[in-house]
Amino acid sequence: MSSRPGDVLAIYPGSFDPVTLGHEDIARRTLRLTDRLVIAVAETATQSKSPLFSVQERLTLLREVFQGDDRVECASFSGLLMDFARERDAHCIIRGLRAVSDFEYEFQMAQMNRELWPEVETVFLTPDAPLSFLSASLVREVAALGGDVSSFVSPRVLRALQAKLMG
Ligand code: PNS
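Below: a short report on this structure. (Residues numbered from 1 in each chain as written. Predicted model: local features only at pLDDT ≥ 70, side-chain atom pairs only at ≥ 80, totals over all residues. Heavy atoms only, no water.)

A look at the overall build of the protein
No. 1: Counting secondary structure elements, the protein contains 6 helices and 5 strands.
No. 2: The helix and strand sequence of the protein, counted from the amino end, reads β-α-β-α-β-α-β-α-β-α-α.
No. 3: Since a compact globule built from 167 residues should have a radius of gyration of about 15 Å, the 15 Å found for the protein is in line with a globular shape.
No. 4: Across the protein, every contact between residues at least 6 apart in sequence was considered, and the portion connecting residues at least 24 apart equals 75%.
No. 5: Of the roughly 9,000 Å² that the protein leaves accessible, carbon and sulfur atoms contribute 52%. (Helix = DSSP H or I, 4+ residues; strand = E, 2+ residues; numbered from the N terminus. Rg over C-alpha atoms; globule rule 2.2 N^0.38 Å. Contact = heavy atoms within 4.5 Å. Areas by Shrake-Rupley, 256 points an atom, 1.4 Å probe, with all protein chains shown as cover.)

Structure follows, in structure tokens:
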């Protein structure tokens, strides 16, 4: 999917390891502002974390979660986000902002990305308040330690977490 005349195309990049209800909320809010959305799993994350799911598994989960909405495409990309954005002729990059603690990292990335490709704007959206503490890394940790994460991820993702963690 790339930009069509008259359409506003957003890219929502991230690690999505795994996709949470917070990510889903941000994606749905984006579609109130844009015509189409590419949810893009980065093969290279700025803050290196040891992933639980492979890029392909994360992509499969995203596709299952967003199936049925033809405004959404799920893709992966390697290399720079700004090269991917330029390739797709995107208008904006969406990032979720949960708390002040997110701000410095997000600000640095947004400013660096603007240096790399000034034609695209970074737009920050806030999640629904009950989801504002949620992160994929906390979901991974709580699930790995046997905690109940069923109110933080969709049922499909919950099953994938259980399968992965129970080996
Ligand atoms: O969900 P995350 O891990 O916070 O997402 C970070 C992500 C994937 C958006 C960032 O690491 C990224 O854009 N990676 C692609 C490589 C890149 O463009 N790096 C320079 C960023 S200024």
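Quick word on the nonpolar core
Most often, soluble globular proteins have nonpolar side chains that are buried together.
No. 1: Among the nonpolar cores identified, the biggest contains 30 residues, and I39, L62, F66 and L161 are the most heavily contacted of them.
No. 2: Elements with a minimum of two residues in this core: β1 (9-14), α1 (21-30), β2 (36-42), α2 (55-66), β3 (72-77), β4 (92-96), α5 (136-144) and α6 (155-165).
No. 3: Top contributing element to this core by residue count: α2, with 5 residues.
No. 4: Once you skip the residues sitting within four places of it in the chain, L62 turns out to touch F16, V19, I39, V41 and C74.
No. 5: Counting residues in each nonpolar core, the second largest holds 14 residues, with L9, A40, A75 and F84 among its members. (Core = buried A, V, L, I, M, F, W, Y, C linked by side-chain atoms within 4.5 Å. Buried < 20%, exposed > 50% of the residue type's maximum accessible area, 1.4 Å probe, protein only.)

Some words on the site of the ligand
No. 1: In the vicinity of the ligand there are 16 residues, among which S15, T44, T46, K49 and L81 approach most closely.
No. 2: One nitrogen or oxygen atom from the main chain of L81 is found 2.8 Å from an oxygen atom belonging to the ligand.
No. 3: At 3.0 Å, a side-chain N or O of R95 approaches an oxygen atom of the ligand.
No. 4: For the shell around the ligand, a count of residues per class yields 8 nonpolar, 6 polar and 2 charged. (Near = heavy atom within 4 Å. Polar contact = N/O pair within 3.5 Å; in protein donor to acceptor, adjacent residues only side chain to side chain. Nonpolar A, V, L, I, M, F, W, Y, C, P; charged D, E, K, R; others polar.)

Things to note about the side chain of R36
No. 1: Looking at the element boundaries, R36 is found in strand β2.
No. 2: A residue is classified by how much of its surface remains accessible, and R36, at 3% relative accessible area, is buried.
No. 3: A polar side-chain atom of R36 sits 3.0 Å from a polar atom in the side chain of D7.

Let's talk about the sheet that holds β1
No. 1: Reading across the sheet, the 5 strands line up as β3-β2-β1-β4-β5 and stay open at both edges, with parallel pairing between neighbours. The strands lining the two open edges of the sheet, one partner per strand, are β3 and β5 (121-125). Neighbour-to-neighbour, the strand axes of this sheet turn through a mean angle of 30°, independent of strand direction.
No. 2: Inspection of the sheet shows β1 paired to β4 by 2 bridges, in the parallel sense. Residue pairing for β4: I11 is matched across the bridge by I93. (Pairing = 2+ DSSP bridges. Axes fitted to C-alpha atoms, helices over the stretch in contact; angles between N-to-C directions.)

Description of the side chain of H23
No. 1: Tracing the backbone through its elements, the reader meets H23 in helix α1.
No. 2: A polar atom in the side chain of H23 sits 2.9 Å from the backbone nitrogen of T20.

Points about helix α3 (residues 81-88)
Residues that lie three or four places apart on an α-helix share one face, since the helix turns once every 3.6 residues.
No. 1: Among all positions of α3, only L81, M82, F84, A85 and R88 are buried. Buried residues of α3 fall within an arc of 155° about the axis and therefore sit on the same side.
No. 2: The secondary structure elements touched by the buried residues of α3 are β1, β2, β3, β4 and α4 (100-116).
No. 3: Just downstream of α3, D89 is the residue with a positive phi angle, here 60°. (Arc of directions from axis to C-beta.)

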